[in-house]
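# Summary of structural features
What follows is each chain in one-letter form.
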Amino acid sequence: MDKFITLQSKAIPLAIENIDTDQIIPARFLKATSREGFGENLFRDWRYNKDNSLNENFTLNNNKYSGKILVAGDNFGCGSSREHAAWALSDYGFKVVVSSFFADIFKGNALNNGLLPVQVTPEFLNVLLTEITEKPDTKLNVNLIKQTISVEGTSFSSKFEIDAYKKTCMINGYDDIDYLLSKKEEIKAFEAKNID
């Protein structure tokens, strides 16, 4: 995984609540086993019309919005436990997803794949959605070490929570195996001290 310490980026607003994993990546696209290529079908049924033409009314197809941060409505990632949802968001280019609530399994899958889920209050989420929608060039600053998200050039800022272990992994670009390997010398010392 790539290291994640800070990110400054424009953001894409998706003010829809209860976005489930089947909307993020429809089941018919889950045939591949590698993580690459899923971004092409992210929000497929919303991004494209039934005749496969681009849905010009969908936010991700609106050229005025861009960035590595997706700001979504409440209850993001509900539904099935498919890890492919995190793969699709990452493969599309998102590094952060902001919502006022995440489904637990989605949150875990996101963190395991280097995608940072930032949970904020409903009030702060509304501030973000309003700022981004009205001013598409607005940049957000995400600082994982300080656990803050802020709107550049304003006083709007919020703290967010993250599991300490997952925070360490993301800052260092570790998956679970990398983390264990980083403790190799400590493990050897412990074993040497405790072998009879």
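Refer to the structure printed above.
These lines cover the structure that appears in this document, whether it is placed above or below. Residue indices follow the written sequence of each chain, beginning from 1 at its first position. Only residues with pLDDT of at least 70 are given local features in this predicted model, and only at 80 or more are side-chain atom pairs given and counted; all residues enter the totals for whole chains, interfaces and linings. To get the side-chain values, all heavy atoms of the structure are used, and hydrogens and water are removed first.

A separate point is the pairing of strand S1 (residues 6–14). Side-chain positions along a regular strand alternate between the two faces of the sheet. The pairing of S1 with strand S5 (residues 139–143) spans five bridges and is antiparallel. Across the sheet, leucine 7 pairs through a bridge with valine 142, a residue of S5. Only when DSSP finds a minimum of two bridges between them are two strands counted as paired. Starting at the N terminus, helices and strands are each numbered in turn, a helix being any DSSP run of H or I of at least four residues and a strand any DSSP run of E of at least two. Bridging between S1 and strand S2 (residues 69–72) involves four bridges; their strand directions are parallel. Opposite proline 13, over in S2, you have valine 71 as the bridge partner.

This part is about a nonpolar patch on the surface. To count toward a patch, a residue needs a relative accessible area above 30% and no salt bridge. Like charges then connect within 9 Å, nonpolar side chains (Val, Leu, Ile, Met, Phe, Trp, Tyr) within 5 Å. The Shrake-Rupley method, run with a 1.4 Å probe, gives the accessible areas here. Residue values count only the displayed protein chains as cover. Between Lys or Arg on one side and Asp or Glu on the other, a salt bridge is scored when a side-chain nitrogen of the former is within 4 Å of a carboxyl oxygen of the latter. A grouping of Ile177, Leu180, Leu181 and Ile187 is seen on the molecular surface, where their side chains present a nonpolar patch of about 390 Å² in accessible area. Among the elements that make up the nonpolar patch, the one with the highest residue count is helix H7 (residues 176–182) (three residues). Tracing the backbone shows leucine 181 in helix H7.

What follows concerns the pattern of salt bridges. Per the counting criterion, the structure on display carries eight salt bridges. When the shortest N-O distance is used, the salt bridge between aspartate 2 and lysine 95 registers 3.7 Å. Of this pair, aspartate 2 sits in the segment before S1 while lysine 95 sits in the loop between helix H3 (84–92) and strand S3 (96–99); the two residues are 93 residues apart in sequence, bridging distant segments of the chain. Buried residues are those whose accessible area, probed at 1.4 Å on protein chains only, stays under 20% of the maximum for their type, while exposed residues exceed 50% and partly exposed ones sit between those limits. Judged by its relative accessible area of 31%, lysine 95 is partly exposed. As a salt-bridge pair, aspartate 45 and arginine 28 come within 2.5 Å of each other at their nearest N and O atoms. In this pair, aspartate 45 sits in helix H2 (residues 44–47) while arginine 28 sits in the loop between helix H1 (21–24) and H2, placing the two residues 17 residues apart along the sequence.

With that settled, consider helix H6 (residues 164–172). Where H6 is concerned, the buried positions are Lys166, Lys167, Cys169, Met170 and Ile171. The criterion used for residue contact is that any of the two residues' heavy atoms lie within 4.5 Å. Looking at the buried residues of H6, the elements they touch are helix H4 (104–112), strand S4 (116–119) and H7. In protein, a polar contact requires one atom able to donate a hydrogen and another able to accept it; more generally it is a pair of N or O atoms within 3.5 Å, and residues adjacent in sequence count only if both atoms are side-chain atoms. Measuring from the backbone nitrogen of tyrosine 165 back to the side-chain oxygen at the start of H6 gives 3.0 Å, which picks out aspartate 163 as the cap. Of the residues trailing H6, glycine 173 is marked for its positive phi of about 75°.

Turning next to the environment of serine 9. Relative to the helices and strands, serine 9 is located in strand S1. Discounting residues that sit within four places of it in the chain, serine 9 has contacts with Gly67, Lys68, Ile69, Thr138, Lys139 and Leu140. Separated by 2.8 Å, the side chain of serine 9 and the backbone nitrogen of lysine 68 make a polar contact.

Strand pairing in a sheet relies on backbone hydrogen bonds. The paired strands run either parallel or antiparallel. Strand order in this open sheet of seven strands is S4-S3-S2-S1-S5-S6-S7, and the pairing throughout is mixed. The strands lining the two open edges of the sheet, one partner per strand, are S4 and strand S7 (157–159). Neighbour to neighbour, the strand axes of the sheet diverge by 25° on average, direction disregarded. In this analysis an axis means a line fitted to C-alpha atoms, helices contributing only their contacting stretch, and an angle means the value between N-to-C directions, from 0 to 180 degrees.

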